[in-house]
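Per-entry structural report
One-letter residues, chain by chain:
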Amino acid sequence: MNNLVNQALIDAEIINIYWERINLYIDVKINKRKNFDNQIPIDFYALNGNRFAKAKFDADKISDTVYRLCLNITNPGYNRCLPKGTYTIAVCQGDNEIAHCMTSPTIVHKMNDYSRAFPYANQSKVYNVIFYVGTTNDYSLPFYMYVMASAAEKNKYSNELSYPSAEKAKNKGSLINRVSRKIKKHFRKTVKRFFIINLYNLLYFLHSHKKSVILFMSEQNTQISSNQLAVYNRIVERKLDKQFKILFSFRSSASEKQSNLSWIKFVNKLSKSSMIILDDYVPVFDWLVLKKDTAVIQLWHAGAGFKSSGYSRWGNTGSPNPYSCHRQYKYGIAGSEKIAHFFSEVWGINKEQVLPTGMPRIDEFLNEQNRKMKTELLYKEIPVCKNKKVILFAPTYRGKNKKNAYYPYNIIDFERLYDVCGDEYVVLFKVHPWISEPVPIEEKYSDKFIDVAKYSNINDLFYITDLLITDYSSSIFEYSLMNKPMLFFAYDEIQYSFSRGFHRDYELAAPGKIVHTFDELLSAIKRKDFEQEKVAEYVDHHFDYIDTHASDRVIDWLILGNIPKNMKKNLQLKFDEVRRTASLDFQK
C-alpha cells in the first residue's frame, strides 16, 4: 500500500458513532481538496498496531461529504471476532493510503459513552470495544479503537468484618467442598473432551476413504423432523440415497447426560461423514472442531421471528463464546435473500453463505393434498372446531433455555376470553414445546378451550386457524402464507427486548396488530382490529419462492453443489475481498 497521507488529498473526521447490536456504525465526514480524484472509490480499513488490515468496513455514502461505515465486530469477514489490538482507520483509494481518520471535537467527550462491553461465557469473560483520542504535538485528535477480551477479576482482599469462629469454620468447610466439586467436575469434563477429540481424529484417519456420506443429526431432539425430515424424504424420493450413504444421530445431549457408548457411536458417525446436516445448535461443536473437508449445513428450524439468538444477542445472558458451533457452518438457508443477513448475524458467518432456498418443511405445508388430509383429520380429532372460527394462542417460551422454560399463564384472563368467544370462536392453546407445564384450563371452559400440546407440528393447526395470537415466535413465518390475521400479545415487550433482544424493530416488522395488555387483546378480537394489511408486505419480504420445491433447492444447491451462478460469484467475491484485505501491508 502506497502512503500518500502527506499529500493531504482529503481530511477525514469521525462525527458520530453508534451501535445496532453487534454492528458498529461510524460516520466519517470527508473534506476533499482540489487535486482529489473523485472517480476512484474510497475504502476504509481497520489497521492494528503493526499496520496490517484486520477488517474492511462496509461503507455507504449518505451525503456528498459523509460516509457511514459499518463493521460486525463478531465477524469482520472471516467468521471470527475482530482480534484484540489497537486500531486506527485508514482511508484508501485503490492501492493508495490517503488519510487517517481524526475525531471531531464535537464527540470527544462522548467517547466513553460509545464504548461497549460484551460479556460471554456466563458473564465470566468480556469482549471490550473502547474508543479514545490519541495525543499529538500538532493538537490533532487521532481516532483509536481498542479491542480486548478479559476474564472476570477475582478479589484477593476483603474489607468485611471477621466471622465468629464457628461460622467462619462452617463457611470455610463449605467453600472447600464447593471448590473440590468444581475441580473434580472440571477434570472430568477436560478428560472427556480430550478423549472425544482424540477419538474423532483417530477414527477420521481410519475413515479417510469416506465419500458421499451424509449425517443428519441433532443434539436437541431424539428424532428427525421439520426441515431435516423434508430434505431426507425428498432424497429418498429422488433415489439419491443410492448415491449417498445416509447416517442418523439424534440425541438430547444438550439437556440429558449421555453414556460413554452413546458418545463413541456419535463420534464414529461424525468421523465417517463428508457432510453434516443440522437444524439447531450443537453444543459439542463449540469445542470439537471438525475437519475442513467436512461440510456442515445448517437448516435452521426457525423461519424468521424477532427474538435475537446466537451472535445477534452477543453480550446478553446465554450468548455464545467468540468461537462456537455456528462458526463451523459452510452454508445456511433462509426464506429470501432480503432476510439472509438476519441469519448470518446470528451464526457469525457471511451473508453470502446463507442461501435463499426457502424452508424445506414448507413443501408439505403448501401441498394441497396434505392440507386437505390434515384438515379433515383435525376436524375429526377436535370436532368442536368445525363450524367455528378458531383462535390459535401460540406464544413462545420465557426463561433462558429448555430446562427452565415457562409461560406465565396468570397473564391470561380465561373467564373474560371465554366470554369474548361467545358462539363465534374456540381457542386452541399451543405453547412452545419446551414448556412442560400444561395450560390450566378449568372444566367449565373445556367446550371452547383446548390444549393442543400433543400436536408436534404446529403448521398442521394453521390449516384450521382463523386468527393466530402469538408474541415473538417464528411461527408467523409459515402462518403468513395463509393470508390470515395475527395479533401480537407483547405484554412484556420492554423486558423481553432487554433480556433477550430483537434483531429488528419489533413495532415495524410485526405483520399484525401489537397489543400490550389483555384488555387491548380482547378489544382487538371484539372489533376484529388485526391490521391484516401488514401480512402481504411481510410475505413479499420473507419469501423468494412460494412453492413446494425448497427441499429440491437444498439438495441441488447444497448437497449436489449446483449453487446458482450469481450466488457462487458473490461467494467468490467475498472470499477474494477477505483474502485481499488480509494481504494488505500498510508498513511500506
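Preceding this section is the structure that the text describes.
Keep in mind the model is a prediction, meaning the values are calculated, not measured.

Summed over all chains, the structure comprises 27 salt bridges. A salt bridge links Arg68 to Asp27; the nearest nitrogen and oxygen atoms lie 2.7 Å apart. Of this pair, Arg68 sits in strand 7 (residues 66-72) while Asp27 sits in strand 3 (residues 23-32); the two residues are 41 residues apart in sequence, bridging distant segments of the chain. Residue classification places Asp27 among the buried residues on the basis of a relative accessible area of 6%. The residue Asp43 makes a salt bridge to Lys56 at a minimum N-O spacing of 3.7 Å. With Asp43 in strand 4 (residues 43-47) and Lys56 in strand 5 (residues 53-56), this residue pair connects regions lying 13 residues apart in the sequence. Taking relative accessible area as the criterion, Lys56 reaches 23% and is therefore assigned partly exposed. Salt bridges linked by common partners bring Arg234, Glu237, Arg238, Asp552 and Asp556 together as one network.

The next thing to look at is the nonpolar core. Grouped together as the largest cluster of nonpolar side chains are 98 residues, with contacts concentrated most on Phe216, Met217, Leu270, Phe285, Leu428 and Ile559. In contact with Phe285, other than residues within four places in its own chain, are Met217, Phe266, Leu270, Ile276, Leu278, Leu290, Tyr323, Ser324, Cys325 and Gln328. Of all hydrophobic cores here, the second largest spans 42 residues; its members include Ile26, Val91, Phe118 and Tyr120.

Note on strand geometry: in a regular strand, side chains alternate between the two faces of the sheet. Bridge count for strand 8 (residues 85-93) against strand 12 (residues 143-151) is 3 bridges, and the pairing is antiparallel. Among the inter-strand pairings, Tyr87 is bridged to a residue of strand 12, identified as Met145. The sheet contact formed by strand 11 (residues 125-133) and strand 12 spans 9 bridges and is antiparallel. Bridge assignment links Tyr127 to a residue of strand 12, and that residue is Ala149.

A separate point is the packing of helix 3 (residues 226-237) against helix 15 (residues 550-559). Relative to each other, helix 3 and helix 15 sit at 80°, their axes nearing to 9 Å. Between helix 3 and helix 15, the crossing angle belongs to the class labelled roughly perpendicular. Facing helix 3, whose interface residues are Ala230, Val231, Arg234 and Ile235, helix 15 presents Ser551, Asp552, Val554, Ile555 and Ile559. Residue composition of the contact of helix 3 with helix 15, grouped by class: 6 nonpolar, 1 polar and 2 charged.

A word on helix 7 (residues 368-381). Given 3.6 residues per helical turn, the α-helix brings residues three or four places apart onto the same face. Its 14 residues place the ends of helix 7 20 Å apart at the C-alpha level, agreeing with the 20 Å of an ideal helix rising 1.5 Å per residue. Every buried residue of helix 7 is accounted for by Asn370, Lys374, Thr375 and Leu378. Down the axis of helix 7, the buried set is contained in an arc of 125°. They therefore lie on one face. The outward face of helix 7, more than 90 degrees from its buried face, is lined by the exposed residues Glu368, Gln369, Lys372 and Lys380. In this fold, the buried residues of helix 7 make contact with helix 6 (362-365) and helix 9 (458-462). A side-chain oxygen of the first residue of helix 7 lies 2.9 Å from the backbone nitrogen of Gln369; this N-cap is Asn367.

The subject of this paragraph is the sheet that holds strand 20 (residues 425-429). What the 6 strands build is an open sheet, ordered 21-20-19-22-23-24; its pairing is parallel. The sheet is open, and its two edges are formed by strand 21 (449-451) and strand 24 (513-515), each paired on a single side. Across the sheet, the mean angle separating the axes of adjacent strands is 20° when strand polarity is ignored. Across 3 bridges, the pairing between strand 23 (residues 486-489) and strand 24 is parallel. In the sheet register, Phe488 faces strand 24, and the bridge partner there is Ile514. Relative to the sheet, helix 13 (residues 518-527) contacts strand 19 (389-393), strand 20, strand 22 (467-470), strand 23 and strand 24, its axis offset from that of strand 23 by approximately 170°.

Inspection of the secondary structure puts Tyr87 in strand 8. Sequence spacing of Tyr87 and Phe195 is 108 residues, and the spatial spacing of their C-alpha atoms is 40 Å. Leaving out residues up to four positions away in the same chain, Tyr87 has contacts with Ala46, Leu47, Asn48, Lys54, Leu82, Phe143, Tyr144, Met145 and Val147. Within the structure, Tyr87 has its side chain in polar contact with the backbone oxygen of Pro83 (distance 2.6 Å).

Turning to the side chain of Ser252, a few remarks are in order. If you trace the backbone, Ser252 turns up in the loop between strand 14 (245-250) and helix 4 (260-272). A relative accessible area of 6% places Ser252 in the buried class. Residues in contact with Ser252, not counting those within four places in the same chain, are Glu219, Gln220, Asn221, Thr222 and Gln258.

Rules behind the numbers
Residues numbered from 1 in each chain as written. Predicted model: local features only at pLDDT ≥ 70, side-chain atom pairs only at ≥ 80, totals over all residues. Heavy atoms only, no water. Salt bridge = Lys/Arg side-chain N within 4 Å of Asp/Glu carboxyl O. Helix = DSSP H or I, 4+ residues; strand = E, 2+ residues; numbered from the N terminus. Buried < 20%, exposed > 50% of the residue type's maximum accessible area, 1.4 Å probe, protein only. Core = buried A, V, L, I, M, F, W, Y, C linked by side-chain atoms within 4.5 Å. Contact = heavy atoms within 4.5 Å. Pairing = 2+ DSSP bridges. Axes fitted to C-alpha atoms, helices over the stretch in contact; angles between N-to-C directions. Parallel < 35°, antiparallel > 145°, perpendicular 65-115°, else oblique. Nonpolar A, V, L, I, M, F, W, Y, C, P; charged D, E, K, R; others polar. Expected span 1.5 Å × (residues − 1). Arc of directions from axis to C-beta. Polar contact = N/O pair within 3.5 Å; in protein donor to acceptor, adjacent residues only side chain to side chain.

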